[in-house]
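The lines below spell out each chain.
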Amino acid sequence: MKIVIIEDEIKAARSLANLINKLRPEAKIVAQLQSVEAAVDFLANSEQPELIFMDIQLSDGLSFEIFKQVEIKAPVIFCTAYGEYSMEAIKANGVDYLLKPFSEDDLQKAIEKVESFKNFFQQSTRPDLDALLNKLGQDEGKKSFLVFKQNKYTTVQTDQIAFIYIRNDSPSIMTFQQQEYALDQSMDQIQNMLSAKQFFRLNRQYLVNFSAIKEVEHYFGRKLFVKLTIPSPEQLLIGKEKSGSFLSWLENR
């Protein structure tokens, strides 16, 4: 079985690949792709795989954009942190999904389901993308976060968040007023909750609000240096492999 993994988090992609190799040693992972742009280029110019694992939230947008640009005949298993109710729209369109964080047993069952109903998953009609996008509410994203600080619960409106970053191994919110609040979710989960139009994952440590970006400069090694309207604990650098998708995100709004 030839498999393609479309996942912008290298660690998550590697973990998934290891599980696949464990469960299906005969399978061959022919590509691990991190963006909509890379996925479209590969799928348009290569032999179709027999199975695709696809994260919904990629570095340069939602993976549903891939379906708009290239015909996908292979069955797709989405790996996502979205809730089950939202995923009913995806199930109705002839694909399957794994809800993050998923176990080895979850993956085993998903693969078995695809193998058992392969013809069902290879429908010639493409998913109803508009219905999927409306169901998932990707344009709006999460409106607020419940946080706990100084023995009190309060809510932080998402549009007041300048960036979210890893501090002491856990995500924290930094508001435009430079107030900081710890979060319980993982960065992957938080990214999937937020609007892909409004927030961009610069790297493993930082999710940045478009409204917080002041300017962008070229940096050594074809990297980009992102300056914000408020101070950040570290320099915000984007590697060359992600710089194109970041500039595209800035432009296509």
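The model shown is predicted, which means the values in this text are computed figures rather than measured ones.

Draft legend 1. Examining the sheet that holds strand 16 (residues 223-228) more closely. Across the sheet, 3 strands lie side by side as 15-16-17; this open sheet has antiparallel pairing. Each having just a single partner strand, strand 15 (213-219) and strand 17 (236-238) make up the two edges of the open sheet. Each adjacent strand pair in this sheet contributes to an overall mean axis angle of 30 degrees, direction not counted. Here strand 16 pairs with strand 17 via 3 bridges, running antiparallel. What sits directly across from V226, in strand 17, is L236.

Draft legend 2. Structural detail: the pattern of salt bridges. Counted by the stated rule, this structure contains 11 salt bridges. Linking D105 and K109 is a salt bridge whose minimum nitrogen-to-oxygen distance equals 3.3 Å. Linking D105 with K109, this pair stays in helix 5 (residues 104-116), spanning 4 residues, or about one helical turn. Between D188 and R201 there is a salt bridge, and its shortest N-O distance comes to 3.4 Å. With D188 in helix 8 (residues 187-193) and R201 in strand 13 (residues 199-201), the pair connects residues that are 13 residues apart, well separated along the chain. Each of the salt bridges in this network shares a partner with another, and the network as a whole consists of E9, D188, R201 and R204.

Draft legend 3. Structural detail: the nonpolar core. Residues I6, I52, M54, I66, I72 and F78 are the most contacted members of the largest nonpolar core, which totals 24 residues. Counting only elements with at least two residues in this core, the list comes to strand 1 (2-6), strand 2 (28-33), helix 2 (36-45), strand 3 (51-55), helix 3 (64-69) and strand 6 (76-80). Broken down by element, the residue count for this core peaks at 5 residues, all from helix 2. The residues contacting M54, other than those within four sequence positions of it, are I6, S63, I66, F67, I72, V76, I77, F78 and C79.

Draft legend 4. The arrangement of the sheet that holds strand 1 in detail. Taking strand neighbours across the sheet as the criterion, the 5 strands line up as 2-1-3-6-7 in an open arrangement whose pairing is parallel. The open sheet is flanked by strand 2 and strand 7 (96-99), the only strands paired with a single partner. Taking the axes of each pair of neighbouring strands and ignoring which way they run, one obtains an average angle of 20 degrees across the sheet. Note: strand 6 against strand 7, 4 bridges, orientation parallel. Paired with C79 across the bridge in strand 7 is L98. Sitting on the sheet, helix 2 is in contact with strand 1, strand 2 and strand 3, with an inclination near 140 degrees to strand 2.

Draft legend 5. Geometry of unusual backbone geometry. The phi dihedral of Q178 is positive, around 65 degrees, even though this residue is not glycine. With respect to the helices, strands and loops of the structure, Q178 is situated in the loop between strand 11 (170-175) and strand 12 (180-182). Unlike most non-glycine residues, R222 shows phi in positive territory, near 60 degrees. Take R222: it is sitting in the loop between strand 15 and strand 16.

Draft legend 6. The environment of P101, seen in detail. Tracing the sequence through the fold places P101 in the loop between strand 7 and helix 5. As a C-alpha pair, P101 and T80 span 21 residues in sequence and 8.3 Å in three-dimensional space.

Draft legend 7. Molecular detail of the packing of helix 1 (residues 10-23) against helix 5. Where helix 1 meets helix 5, the axes come as close as 10 Å, and the angle between the chain directions of the two elements is 65 degrees. Helix 5 is crossed by helix 1, and the crossing has right-handed handedness. Each of L16, L19, I20, K22 and L23 in helix 1 lies in contact with helix 5, whose residues at this interface are E104, L107 and Q108. Among the residues forming the contact of helix 1 with helix 5, the class breakdown is 5 nonpolar, 1 polar and 2 charged.

Calculation rules
- Residues numbered from 1 in each chain as written.
- Predicted model: local features only at pLDDT ≥ 70, side-chain atom pairs only at ≥ 80, totals over all residues.
- Heavy atoms only, no water.
- Pairing = 2+ DSSP bridges.
- Helix = DSSP H or I, 4+ residues; strand = E, 2+ residues; numbered from the N terminus.
- Axes fitted to C-alpha atoms, helices over the stretch in contact; angles between N-to-C directions.
- Salt bridge = Lys/Arg side-chain N within 4 Å of Asp/Glu carboxyl O.
- Core = buried A, V, L, I, M, F, W, Y, C linked by side-chain atoms within 4.5 Å.
- Buried < 20%, exposed > 50% of the residue type's maximum accessible area, 1.4 Å probe, protein only.
- Contact = heavy atoms within 4.5 Å.
- Left-handed = near helix turned anticlockwise from the far one by under 90°.
- Nonpolar A, V, L, I, M, F, W, Y, C, P; charged D, E, K, R; others polar.

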